[in-house]
Every structure is written in structure tokens, then in C-alpha cells.
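The lines below spell out each chain.
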Amino acid sequence: RWDRSTHVCDPTKGKKQNTMWFAVACLASAAFAAHYFACVACGVRLVLPQALDRGSRLARILAACPSLHKRRSFWPVPLLWHGHLQTMAVFGWRPRLAIKFVREMLDLSDGGRIALDWLDPVSSATDAKRPILLLVHGLNGGSNESYIRHLCVGASRGKYNWRVVVYNSRGVAGTQLTTPRPYNGGYTGDIRETVTFVHAKYPDAPLFAAGFSLGANALTRYVGECGADCPLIAAMAFSNPLDLYKSQRYLVSYPVGRWYDKQMTKGLIRYAKKHQEKLSGNKGIDPNCIYSVTSVMDFDEAYTAKVFGYVSADECARTHAREPTTLRCQAAARGQRSR
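Residues numbered from 1 in each chain as written. Predicted model: local features only at pLDDT ≥ 70, side-chain atom pairs only at ≥ 80, totals over all residues. Heavy atoms only, no water.

With that settled, consider the nonpolar core. Formed by 24 residues in total, the largest nonpolar core has its most connected members in Leu 116, Ile 132, Ile 191, Tyr 222 and Leu 232. Going through the elements one at a time, β2 (113-118), β3 (132-136), β4 (163-168), α5 (189-201), β5 (207-212) and α6 (214-226) are the ones with two or more residues in this core. Non-local contacts of Ile 132, meaning those with residues more than four positions away in its chain, are made with Trp 118, Arg 163, Val 165, Val 198, Tyr 202, Ala 205, Pro 206, Leu 207 and Phe 208. Val 172, Leu 279, Ile 290 and Val 307 belong to the second largest nonpolar core, which has 17 residues in total. (Core = buried A, V, L, I, M, F, W, Y, C linked by side-chain atoms within 4.5 Å. Buried < 20%, exposed > 50% of the residue type's maximum accessible area, 1.4 Å probe, protein only. Helix = DSSP H or I, 4+ residues; strand = E, 2+ residues; numbered from the N terminus. Contact = heavy atoms within 4.5 Å.)

Looking now at empty space enclosed by the protein. One pass over the structure, following the stated rule, counts two cavities of 30 Å³ or more. Lining the largest cavity are 15 residues, with Tyr 167, Ser 169, Tyr 183, Asn 184 and Ala 218 sitting closest to its centre. Breaking the lining of the largest cavity down by element, the ones donating at least two residues are α5 and α6. Looking at which element gives the most residues to the lining of the largest cavity, the answer is α6, with three residues. For the lining of the largest cavity, a count of residues per class yields eight nonpolar, six polar and one charged. The volume enclosed by the second largest cavity comes to roughly 50 Å³. Together, Ala 272, Gln 276, Leu 279, Ser 280, Ile 285, Pro 287, Ile 290, Tyr 291 and Tyr 303 line the second largest cavity. Listing elements by their share of the lining of the second largest cavity, those giving two or more residues are α9 (276-279) and α10 (287-291). It is α10 that provides the largest number of residues to the lining of the second largest cavity, a total of three residues. When the residues that make up the lining of the second largest cavity are grouped by side-chain class, the tally is seven nonpolar, two polar and no charged. (1 Å grid on protein atoms, 1.4 Å probe; cavity = no way out; pocket = protein on both sides within 12 Å on 5 of 7 lines; lining within 4 Å. Points joined across faces, edges and corners; volume = space filled by probe spheres on them. Nonpolar A, V, L, I, M, F, W, Y, C, P; charged D, E, K, R; others polar.)

In this section: the pattern of salt bridges. This structure, assessed with the given rule, holds seven salt bridges. A salt bridge links Lys 201 to Glu 104, with the shortest nitrogen-to-oxygen separation between them at 2.7 Å. Of this pair, Lys 201 sits in helix α5 while Glu 104 sits in strand β1 (residues 102-107), and the two are 97 residues apart along the sequence. Judged by its relative accessible area of 38%, Lys 201 falls in the partly exposed class. A relative accessible area of 18% means that Glu 104 is categorised as buried. Between Asp 110 and Arg 170 there is a salt bridge, and its shortest N-O distance comes to 2.9 Å. Here the residue Asp 110 occupies a position in the loop between β1 and β2, and Arg 170 occupies one in the loop between β4 and α5, the gap between them amounting to 60 residues. When its relative accessible area of 36% is taken as the criterion, Asp 110 is described as partly exposed. Since its relative accessible area comes to 1%, Arg 170 is described here as buried. (Salt bridge = Lys/Arg side-chain N within 4 Å of Asp/Glu carboxyl O.)

Attention shifts here to the sheet that holds β5. Pairing in this open sheet of six strands is mixed, and the strands run β1-β2-β4-β3-β5-β6 from one edge to the other. Two strands close off the open sheet at either side, each with one partner strand: β1 and β6 (234-238). Neighbour-to-neighbour, the strand axes of the sheet open up by a mean angle of 20°, direction not taken into account. Where β1 lies against β2, six bridges are found, and the strand directions are antiparallel. (Pairing = 2+ DSSP bridges. Axes fitted to C-alpha atoms, helices over the stretch in contact; angles between N-to-C directions.)

Given below as C-alpha cells:
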């Protein structure tokens, strides 16, 4: 039984606890602010050569894009201070813009078909000379992706006023496979035919391209293979896994990366199930083995490597990593400069 005579009420006890928690919150906020301004807000900066020729191509690019080399050029949202948080926010919370594309189907030389989604179709002779931006999506992507649609709006509005066309790989974004061969980040033939088609259709329009993730790797590989004959005025790569072999192994070396890999694998399995009838036309492919894979590397081992003629997924990734993409692109840039 509670004895009132032995109970002593201390009116300052609650205030002391509140003061303690307030101090802890202040210290935590100060530590986070220090970390944010010291490590996060400075972002990733280019390491420039000490002696830079002011008349060089690199100097002109840096002068036009100060955000590439200024110290505090990028200020992420404090609650999304880490790259992983930003990635999850984009896929989980960012709204998908309602955009009305005009779809054009392109028949490829091997019987395959891809979809080109135009944001602003040509309506006059003047439009035929407007700059064109070709967007190449990442793994399991397409014109339905949020990041693609936001860039479409940004490039086609305001001061840019470009026409934008989204390259949809075989079998994605509501399209059907017409051959047993799917798309592959190491195969540049489809991008090559797409660029040739768009450039021939609008020869007076300056043609640019931008790729994301796996699409960035394929795009830069294509630019390097074309060299000085590349029809593109310029190309930009976002989040490019330059070395596919090392990138795939690094991705599964830490917990969050393994979660990313799992989500991408689920997308590949959905792709395989959607096109099961066509994909089953490849000899030596076991559908049950494909549907049971647990990683992107396992999917490449069970399917991609066999379809494209590699002994294993390791050989496929190592083959694409033998010659650094950046070196080929540098050679292409030198060729463009001499034209």
C-alpha cells in the first residue's frame, strides 16, 4: 500500500529531465550540422590539373559549368543528406509526372523492335531544327520512370526548349519482344541504329544524348566505338558503372547494395516472365533456373551470358571491362575537336 507520508514529490525532477533531453537534442543537432557542412554539402568535386590551359576544351566546359568545381555547389536536403536516402526518396516518394508521349516504333536490322517516345513531335519546319535530346534509361527502366520524366520536362521547357525523345530498350515500357534476344548493357547495336535513325530523320537538328546507370555505360561505349564519326554533338553519363565487373561485385559487398541488387533482380525476373514465350526460343535456357535467381550476376549467368555467346557471367562482365570506356570517349572527343 502506498504510504503518502513516505512519498516526497520533487517538483524540479521533471524540469531537470527536460533540460537534459534538450541539451542532448542540441548536441545532436550541432553534430549533424557540423557533419553536414563539413562533409555533405561540399559534395563531389573534380580534381583539376594544376596547369590548365585557359583555351582548352576542358577550361571552356568548366567556365560554363561552375557547379562542377566550386566547393559548395550542391546543398542536399538535410533529411536526405546521404545518397542512399536520396535514391530511396526518388523511387518511393517522388511523384511521376503525367506526360503525354507520342510513340514511334523502330524496326531494327535483326528483327527486333524498340519504342521511341517523343515529348514534342515536330509541328513545323522550325521544330525540325530544334536541338534533340535522346535519353537512355537504366536497368529495368523506360519512359515511365520518374527520373526520365522529370528530365524530359526540364529539358523541353524554359530556356532550353529542346525536343526530347526517350529510347526504350527491347521489351520495356509496354513493348513486346519480337526476337529471342533481349537488351544488354554491353551491346551497343540498338543505340547505334537509334542515333542513326534520329539523325537521318532530322539532319538539321543538333543531336545530344544522356544515359543513366546501365544506359550510361552503353551510351559511352557507343560514343567510344564511333569515335570522330559519332553523330552526337555531346553526350552525358549519369551514375555510369564504368567497369561492370567491379561494379557488380562492389554492389553485393555491403548490405544496402545487396538490397539494391535484390530489387533489380526482381525486375529482371518480371521481364523474363513477361517475355517467356519469346525468350524460350534461346537454346540451353532453363526458365525455372531464371525465375529462381537471387542476384543480377545469377541472372546473367543463367540467361544473359548464354544468349550473347559468353561462357559465363564473369566473362561477359570482364569483356565489357577490358578497355576502359573513358579512354575510348577521350579518343572520340579528340576526333570531334579535329572535325
